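# Reading the structure
Below, each chain spelled out in residue letters.
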Amino acid sequence: PNPVRLTEGKKGALSFEVDDADGLEAGQVVQINWYNPEGESGSFLEQLYGDSDVTIGSHHWNFPKLPLSRQQALIEAVSGNRVTIKSPLLHDVDTRWNVDLAEWRHLEEVGFEHFRITFPPHPYVAHHVEPGFNGIYLTGLFNGWVRDVVIGNADSAILTEGISNVTIERVTTEGSSLAHYSVQLGGVHNVLVKDLVVENPVKHPLSFNTFANKSVYQNAFVRHAPVLDQHAGANHHNLFDHTRVQVELDPSANESGYALFMGGGAGYWKPSHGINTTFWNTEVVFTNGALSEQPILLNGMEDGPGARVIGVSANLPIRVEYGPDAYIEGVGTFYADIPSLYTNQLNRRLAR
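The rules we used
The residue count restarts for each chain, going from 1 along the sequence in the order it is written. Totals for whole chains, interfaces and linings use all residues, but because this is a predicted model, local features are given only for residues with pLDDT of at least 70 and pairs of side-chain atoms are given and counted only at 80 or more. The basis for every side-chain value is the complete set of non-hydrogen atoms in the structure, without hydrogens or water. Definition of nonpolar core: a set of buried residues of the types Ala, Val, Leu, Ile, Met, Phe, Trp, Tyr and Cys, connected through side-chain atoms within 4.5 Å. Only protein chains enter the accessibility calculation, which uses a 1.4 Å probe. A residue is then buried if its area is under 20% of the maximum for its type, exposed if over 50%, and partly exposed in between. Only heavy atoms matter for contacts: two residues are in contact if any of them lie within 4.5 Å across the pair. Under the scheme used here, helices are H or I runs from DSSP no shorter than 4 residues and strands are E runs no shorter than 2 residues, and both carry numbers assigned from the N terminus. Following DSSP output, two strands are said to pair if at least two bridges run between them. An axis is simply a line fitted to the C-alpha atoms; with a helix, the fit covers only the stretch in contact. Between two such axes, the angle follows the N-to-C directions and lies from 0 to 180 degrees. Whenever a carboxyl oxygen of Asp or Glu lies within 4 Å of a side-chain nitrogen of Lys or Arg, that contact is scored as a salt bridge. Pairing of aromatic rings covers Phe, Tyr and Trp, the last through its six-membered ring, and needs centres within 6.5 Å; plane angles under 30 degrees mean stacked, over 60 mean edge-to-face, and all others mean tilted. Charge-over-ring contacts are defined here by two conditions on Lys NZ or Arg CZ: a distance within 6 Å of the ring centre and an angle within 35 degrees of the ring normal.

### What to know about the nonpolar core
- One finds Ile158, Phe261 and Leu298 to be the most contacted residues of the largest nonpolar core, which totals 51 residues.
- With residues near it in sequence (within four places) discarded, Leu298 still touches Tyr258, Leu260, Phe261, Val284, Phe286, Val312, Ile318, Arg319, Val320 and Glu321.
- Counting 28 residues, the second largest nonpolar core, distinct from the first, contains Val4, Val83, Leu90 and Trp97.

Here you go:
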């Protein structure tokens, strides 16, 4: 069937207008899509990246029929041409962006729990040419879960694409082989990764990847060469929440610093992330470097606009650089009254 056009709606609202609600009914799960049909200077790009002076890659305008932002949502009611959904609308509705609503084929209520996957140790070849020892691939899933799983020596322990309302909790990745990802979030909406422990060496230990939005890493603990990676591809509105990392500084480095905040991905999908990326209560334990005379610099992100970096604490003096246009607060501070921003906001919603 042809997609339904959205004609009016406000970011954060639970209802919106469509041009024709025929065929829509309560209980359906649909995908809402936002596009950029206006080219290199399209107005929707400002919704993604604000007014920061960042270079935007060509994939944002070379494929005008490719949705740059996607939201899977459960329809709760239809009255005339007004549709009410269960989750807040991700962006404004503007007719310039050809916002539509389409059928979303998916599975529901699928879960994996209480087991271990162990691959044989294997040598590292090169980035993107791993042998393919991948543990779990979640795709086309709504209201699913993974819990209490240990995955050893994987190239990627858990990969995701096209999932929504999924919780991945109490997962440990381990082993001696260098991995690409631990639990990767790509093409996801409303996904929570909770209590992830990364014991193994990983290129991108925590990664918000292409088309990931409104998702959370909560209480992750990265014990080896941590990187809080944002991998370009219009990922936005994501949260690193109460992240703990162990850092071993390179004693041969010319500057006393560590690139904790990094942006991977291809140039045609840059910048590294969109606006409203948030880091809340990031705890750093340095296993060396106590003799440094200067505060240790935590940096690495150069092109991710409008981030909020709040509460970065460590066992040694630190300073933080993040740009452009980042809001940085609480360097050297752990906000103990609100250890988890996600939990705090969840409790406030449930109390309404």
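### Quick look at the environment of Ala154
- In this structure, Ala154 sits in the loop between strand 9 (134-152) and strand 10 (156-174).
- Judged by relative accessible area, Ala154 falls into the buried class, the value being 4%.
- C-alpha separation for the pair Ala154 and Thr173, spaced 19 residues apart in sequence, amounts to 8.0 Å.
- In contact with Ala154, other than residues within four places in its own chain, are Phe119, Phe133 and Ala179.

### What about the pairing of strand 11 (residues 179-185)?
- Counting buried positions along strand 11 yields seven of seven residues, so the element is predominantly enclosed.
- With two bridges connecting them, strand 10 and strand 11 associate as parallel partners. Of the residues in strand 11, the one forming a bridge with Ser156 is Tyr181.
- Sheet analysis places strand 11 next to strand 14 (residues 202-208), joined by five bridges and oriented parallel. Across the sheet, the residue bridging to Leu185 is Phe208, located in strand 14.

### Digging into the sheet that holds strand 4 (residues 69-79)
- Here we have six strands rolled up into a closed barrel, ordered 1-2-5-4-3-6, and antiparallel in their pairing. Recorded for the sheet is a direction-independent mean angle of 45° between the axes of neighbouring strands.
- Across three bridges, strand 2 (residues 15-18) lies against strand 5 (residues 82-85) in antiparallel orientation. Bridging across to strand 5, Ser15 finds its partner in Thr84.

### Overview of unusual backbone geometry
- A cis amide bond links Lys270 to the next residue, Pro271, at an omega of 10°.
- Note that Pro271 resides in the loop between strand 20 (261-263) and strand 21 (278-286).
- Even without a glycine there, the phi angle at His114 is positive, about 60°.
- Here His114 lies in strand 8 (residues 111-118).

### Re the pattern of salt bridges
- Within the structure shown, the criterion is met by twelve salt bridges.
- Residues Glu103 and Arg105 are paired through a salt bridge, measuring 3.7 Å at the closest nitrogen-oxygen approach. Of the two residues, Glu103 and Arg105, both sit in the exposed class.
- Where Arg170 meets Glu169, a salt bridge forms, and the shortest distance between an N and an O atom there is 3.2 Å.
- On the basis of relative accessibility, which here comes to 14%, the residue Glu169 falls in the buried class.

### Some remarks on the packing of aromatic side chains
- Under the defined criterion, the tally for this structure stands at twelve aromatic pairs.
- Residues Trp104 and Phe142 carry aromatic rings whose centres are separated by 6.1 Å and whose planes lie at 80° to one another, so their mutual orientation is edge-to-face. Linking Trp104 in the loop between strand 6 (100-103) and strand 7 (107-108) with Phe142 in strand 9, this pair joins segments that are 38 residues apart in sequence. There is no split in this pair, since Trp104 and Phe142 are both buried.
- On the basis of an interplanar angle of 10° and a centroid distance of 5.8 Å, the ring pair of Tyr217 and Phe240 is categorised as stacked. You can see Tyr217 sitting in strand 15 (residues 216-218) and its partner Phe240 sitting in strand 18 (residues 239-247), a full 23 residues away along the chain.
- Exposure remark for Phe240: the relative accessible area of 0% places this residue in the buried category.
- The ring of Phe211 carries Arg70 above its face, with NZ or CZ at 4.0 Å from the centroid.
- Above the face of the Phe221 ring, Arg244 is positioned so that its terminal group lies 4.5 Å from the ring centre.

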